[in-house]
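# Architecture and fold: a report
Okay, here's what each chain looks like letter by letter:
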Amino acid sequence: PDPRRTRSAEVAVVERDGRVHKVLGPDERLVLWTAAGPWTWDVIDTQDKPELPQQLMRRLGDAKQTQHFEIVRVSEGSVALFFVDGILIRTLKAGVHAFWKAGRSLTQKLIDLKRQSLDVTGQELLTLDRVTIRINLSAEFRVVDPVKAAQEVKDFTDTLHRALQMVFRRQLGALKLDQILERKGEVNAEATARIQSDMAAIGVEIHDIVLKDVILPGEMREILNKVVTAEKEAEANVIRRREDTNATRSLLNTANGMAENPVML
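Residues numbered from 1 in each chain as written. Predicted model: local features only at pLDDT ≥ 70, side-chain atom pairs only at ≥ 80, totals over all residues. Heavy atoms only, no water.

## Notes on the sheet that holds strand β13 (residues 204-215)
One open sheet accounts for 3 strands, arranged β11-β12-β13; its pairing is antiparallel. In this open sheet, the two edge strands, each paired with only one partner strand, are β11 (116-126) and β13. Put simply, the sheet's adjacent strands are angled 20 degrees from each other on average, direction ignored. Sheet topology note: the strand β12 (residues 132-143)/β13 ladder contains 10 bridges and is antiparallel. Paired with E140 across the strands is D208, a residue of β13. Along the sheet, helix α3 (residues 156-172) contacts β11, β12 and β13; its crossing angle with β11, the most-contacted strand, is approximately 40 degrees. (Pairing = 2+ DSSP bridges. Helix = DSSP H or I, 4+ residues; strand = E, 2+ residues; numbered from the N terminus. Axes fitted to C-alpha atoms, helices over the stretch in contact; angles between N-to-C directions. Contact = heavy atoms within 4.5 Å.)

Structure (structure tokens):
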């Protein structure tokens, strides 16, 4: 017999005749018959080498010896923040990664780096002239610093959602309804500038914010419809009077021409 033992924070890959036989975790012992070999014994210090090489990961996977390591898969356009015992160790790029457990707690947090959109719908607020309206917003954003986005706040999307609510409530609450309807583009630009500076502090880049809809209560819609109808009728009356004036002027010119020229008559 040939006893072998691993120490704390060590793992051992035991091979028999060039094939993976077993993987020992920390503080484990294995007794082998020498004549059953040949055996090879590869001891790995997981403190110095916490990550498995790709080739070794595939070999252990094929041998179904995966109980002592954890696989982290990161899709294209994303990164993963890798934590050991709650401490951030590395930022993993796209690909497949494997790490030795060795009695440690391994966790990861995937963060999408692609451009995303966030909608805020049905947000109620009171305008300066005391009209209750509901608004729908849309924001385009992208995470540029995943470490800040994950550690500065609990949830960066929730933080952006609340920032949109607060900024638009503060801005639109200082305007009258007519001003809101007339200045939607200016409101968007002012809100974007404010939120961009706030979100840059947590590693999030804001590309565009749009105030998509301003939804009025039923009675206010009826009033505005009447106002618009009255305005359009007034414009139509002005046009009719202008046309009548032009027609009268044309008749007068014709009459003057006939009076001065009997042949024309």
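## Digging into the packing of aromatic side chains
On inspection of all chains with the given rule, the structure shows 2 aromatic pairs. With 6.1 Å between their ring centres and 85 degrees between their planes, F69 and W100 make a pair best called edge-to-face. Taken together, the residues span a long stretch of sequence, with F69 in strand β6 (residues 69-74) and W100 in strand β9 (residues 95-100) at a distance of 31 residues. Relative to F99, the ring of F82 has its centre 3.9 Å away and its plane inclined at 20 degrees; by these criteria the two rings are stacked. (Phe/Tyr/Trp six-rings, centres within 6.5 Å; stacked < 30°, edge-to-face > 60°.)

## Let's talk about the pairing of strand β7 (residues 78-84)
In terms of residue burial, β7 counts as a mostly covered element, since 7 of its 7 residues are buried. Covered by surrounding structure in β7 are S78, A80, F82 and V84 together with V79, L81 and F83, the residues of both alternating faces. Sheet topology note: the β7/strand β10 (residues 106-112) ladder contains 7 bridges and is antiparallel. Each bridged residue has a counterpart across the sheet, and for F82 the counterpart in β10 is Q108. Linkage of β7 to strand β8 (residues 87-92), two consecutive antiparallel strands, is achieved through a turn of 2 residues, within which D85 is found at a positive phi near 55 degrees. (Buried < 20%, exposed > 50% of the residue type's maximum accessible area, 1.4 Å probe, protein only.)

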